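Coordinates in review
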Amino acid sequence: MTLHGKLLSAVAGIALVSLAATTAQAQTKIEWWHAMGGELGEKVNAIAAGFNASQSDYEVVPVYKGNYTETMTGAIAAFRAKQQPHIVQVFEVGTATMMAAEGAIYPVYQLMADANEPFDPSGYLSSVVGYYTDTEGNMLSMPFNSSTPVLYYNKTAFEKAGLDPNSPPTTWPELGEAAEKIIASGAANCGFTTGWQSWVQLENFGAWHNVPFATEANGFAGIDTELAFNSDLHKAHIGQLADWQGDKVFQYGGRRSDSAPLFYSGECAMYMNSSAAYAGVRGNVTDFEFGVGLLPYWPQASGAPQNSIIGGATLWVLQGKPADDYAGVAKFFTYLSSPEVQAEWHQGTGYLPITNAAAELTASQGFYDANPGTDTSIKQMTNKAPTENSKGLRLGNFVQIRDIINEELEAIWSGDKTAEQGLDDAVKRGNELLRQFQADNS
């Protein structure tokens, strides 16, 4: 090649590099703060990468910001400093706090309408959507990682105890009897344990039995709500769990998912926790076969079982970014909600598919047949149409209220308080925080 040819080639190469850089710079970056670490974080990155590869106008940049509490408080602080992301993942107990942040939130229903993106709330699971809508039924945030608690059980231990390994207990009395037989047979040393005790044994317990956790439709009808989880049914339930500790029918293992190793090791034959714990159970259980069943219910409760409620988190959009950026956020939400993306997320994590189409796609792909029990969460959430007792919870200062509940439940488990004393004290202390929230937002 002549010197002239080499110069032309070099200039052309520089021009291509410059054009590529200009194209990259032209992409609008959409910052997404999330609380998904480890393998879940990798799946979040994969979703963002999939969207980025599907178009060339926007680049979603996922940023891990710690646990749920750290992510939410960090986003609030960033907003005040005018350094907020476009999207922040907030767990369900932060819903009331986010709703109260007037001027900071760009409601999803408004975002999608403004961007002319196709958006039909009826296509989402009603029990998921209901948690994140206003009093007029408008969706405020985008459902993402929604889960509900289920019953995991050791099929091998059931068989050793002479129980049907394909028929998990459906009522609490049946669960107690099964636990006693398993312990007597030596198949396990403990009947059952639970993760996230407030969420499973009080919050979802109320929904599953169609009794209120709090007044004012569990907080949906107003911020002048008061806690109500010290009902006779709640007290009887927690009292029974406390009594069962003496015979190892129940064993407390910690506030979050600290109890998981008790099930993984075979120490406890049953374990109640999030449907999203499925991947962890599947990955850690190596010495026995496990199954998944519905949460048990007390048969004396009229109308039980009702439907369970969700945990997990949604994606909230924060105001204050350039107007054109929000078209990219809306396009990303459309991509995120697509049946293919949601089906893959559901199948890989155990979180609920947020749309009916994603659940139908998963079923048509044979996933539920190949992985028995993975549709339990959907069956449980859609068991009956939600009532005001089973739509969800919307309580201010709920993060701190859960801390109080944990403290009082631990006092009950240790024998320092009766179920009646502990739950009454939890309600009294929690109501003080609700009045504080009401005063701050009136």
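Check the entry above for the structure.
Just so it is clear, the structure is predicted and the values come from calculations on it, not from any experiment.

A separate point is the pattern of salt bridges. For the structure on display, the rule yields twelve salt bridges. Across the pair Lys417 and Glu408 runs a salt bridge whose closest N-O atoms are separated by 2.8 Å. Exposure remark for Glu408: the relative accessible area of 6% places this residue in the buried category. A single network of salt bridges, built from pairs that share partners, joins Glu407, Glu408, Lys417, Asp425 and Arg429.

So, about the environment of Glu267. Relative to the assigned elements, Glu267 resides in the loop between helix 12 (260-264) and strand 7 (268-274). When its relative accessible area of 25% is taken as the criterion, Glu267 is described as partly exposed. Along the backbone, Glu267 and Asn189 are 78 residues apart, and their C-alpha atoms lie at a distance of 5.5 Å. Excluding residues that lie within four positions of it along the chain, Glu267 makes contacts with Ala188, Asn189, Cys190, Lys248, Gln251 and Leu262.

Here we come to unusual backbone geometry. Going from Ala304 to Pro305, the amide bond is cis rather than trans, its omega being 0 degrees. Mapped onto the elements of the fold, Pro305 is located in the loop between strand 8 (290-293) and strand 9 (311-317). Here the phi dihedral of Ala217 falls at roughly 55 degrees; this positive angle occurs in a residue that is not glycine. Examined against the element boundaries, Ala217 turns out to sit in helix 10 (residues 215-218).

Thresholds applied
Along each chain, residues carry numbers from 1 onward, in the same order as the chain's sequence is written. Only residues with pLDDT of at least 70 get local features here, since the model is predicted, and only at 80 or more are side-chain atom pairs given and counted; chain-wide, interface and lining totals rely on the full set of residues. Excluding hydrogens and water, the side-chain figures rest on all heavy atoms present in the structure. When a carboxyl oxygen of Asp or Glu is within 4 Å of a side-chain nitrogen of Lys or Arg, the pair counts as a salt bridge. In this scheme, a residue with accessible area under 20% of its type's maximum is buried, one over 50% is exposed, and one in between is partly exposed, where area comes from a 1.4 Å probe on protein chains only. Think of it this way: any DSSP run of H or I at least four residues long counts as a helix, any run of E at least two long counts as a strand, and we number them from the N terminus. Here, two residues are considered to be in contact whenever any of their heavy atoms come within 4.5 Å of each other.

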